[in-house]
Amino acid sequence: MKKEVQSAKKDAFILFTGSDWDDESQKLLAKRIDRELFLRYGKQFLFYHVDIVRNEDAMNAKQLKTNYLLFSKYGVGDLPHIVARCFEGDVYYSSHLDTNAGIDDVMNNVITQRKKVQKLKDEIRFSSSVEKIRAIDTFFSSIYNADHAMYDDLRMQAIEADP
């Protein structure tokens, strides 16, 4: 997923479901939301469906293990759940997906959050001293994986910017 997203320079939109045991996931999948998302937003995102099944015969063991790892990596709780991750690696949206919500409303929230995170990254690049520290702090408050090692350099920038 990571290489594909970086190569395409598109954000990843990940839909997490429990297709054979979670009622809300089943409702969502019956509506064919995944297809609608792809058709409407495929130019902006690469779409991934990560499913956990209880009937282990419905999925090969390697894929099921990978899916469990992705559920854990992204801290997925209630299902269905969506995660949006930019091609640089920032997880900027993570939320339970209300099956009654309009898909355009959901995507507008995702896109708005993406713009906010991008603006914050720009503020970090073009600021210094205390403003840089504030921008980094605000950025970390706006993403979902701020403790990831990929941000060690950014944490170091905050320390170095401290007057």
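Just above, that's the structure.
These numbers come from a predicted model, not from an experiment.

(A) View of the sheet that holds strand 1 (residues 11-17). Spatial ordering of the open sheet is given by 2-1-3-4, a layout of four strands whose pairing is mixed. Both outer strands of the open sheet, strand 2 (45-51) and strand 4 (91-96), are each paired with one neighbouring strand and no more. Between one strand axis and the next, the sheet turns through 15° on average, direction left out of account. In the sheet, strand 1 pairs with strand 2 via seven bridges, with the strands oriented parallel. What sits directly across from Asp11, in strand 2, is Phe45.

(B) Here's a closer look at the nonpolar core. Core analysis: the largest hydrophobic core is formed by 30 residues, its most contacted members being Phe45, Ile82, Tyr92, Val110, Phe139 and Phe140. Elements with a minimum of two residues in this core: strand 1, helix 3 (33-41), strand 3 (81-85), strand 4, helix 5 (103-125), helix 6 (129-142) and helix 7 (152-161). Top element by residues in this core is helix 5. It accounts for eight residues. For Phe45, the contacting residues outside a window of four places in its chain are Lys10, Asp11, Ala12, Phe13, Tyr92, Met107, Val110 and Ile111. Core analysis: the second largest hydrophobic core is formed by 18 residues, Phe16, Leu46, Tyr48 and Leu70 among them.

(C) Focus on the packing of aromatic side chains. Across all of its chains, the model carries eight aromatic pairs by this definition. Arranged with centres 6.1 Å apart and planes meeting at 80°, the rings of Phe13 and Phe45 form a pair that is edge-to-face. One end of the pair, Phe13, is in strand 1; the other, Phe45, is in strand 2, and 32 residues separate them in sequence. When sorted by exposure, Phe13 lands in the same class as Phe45, which is buried. Plain terms: the ring middles of Phe140 and Tyr151 are 5.7 Å apart, the flat faces sit at 75° to each other, and that makes the pair edge-to-face. Here Phe140, found in helix 6, pairs with Tyr151, found in the loop between helix 6 and helix 7; they are 11 residues apart in sequence, far enough to count as distant. As far as the burial class goes, Phe140 and Tyr151 line up, both buried. Every member of this aromatic cluster is reached through a ring pair, and the members are Phe13, Phe45 and Phe47. Over the ring of Trp21 we find Arg54; its NZ or CZ atom is 4.1 Å from the centre of that ring.

Calculation notes
- Residues numbered from 1 in each chain as written.
- Predicted model: local features only at pLDDT ≥ 70, side-chain atom pairs only at ≥ 80, totals over all residues.
- Heavy atoms only, no water.
- Pairing = 2+ DSSP bridges.
- Helix = DSSP H or I, 4+ residues; strand = E, 2+ residues; numbered from the N terminus.
- Axes fitted to C-alpha atoms, helices over the stretch in contact; angles between N-to-C directions.
- Core = buried A, V, L, I, M, F, W, Y, C linked by side-chain atoms within 4.5 Å.
- Buried < 20%, exposed > 50% of the residue type's maximum accessible area, 1.4 Å probe, protein only.
- Contact = heavy atoms within 4.5 Å.
- Phe/Tyr/Trp six-rings, centres within 6.5 Å; stacked < 30°, edge-to-face > 60°.
- Lys NZ or Arg CZ within 6 Å of the ring centre and 35° of its normal.

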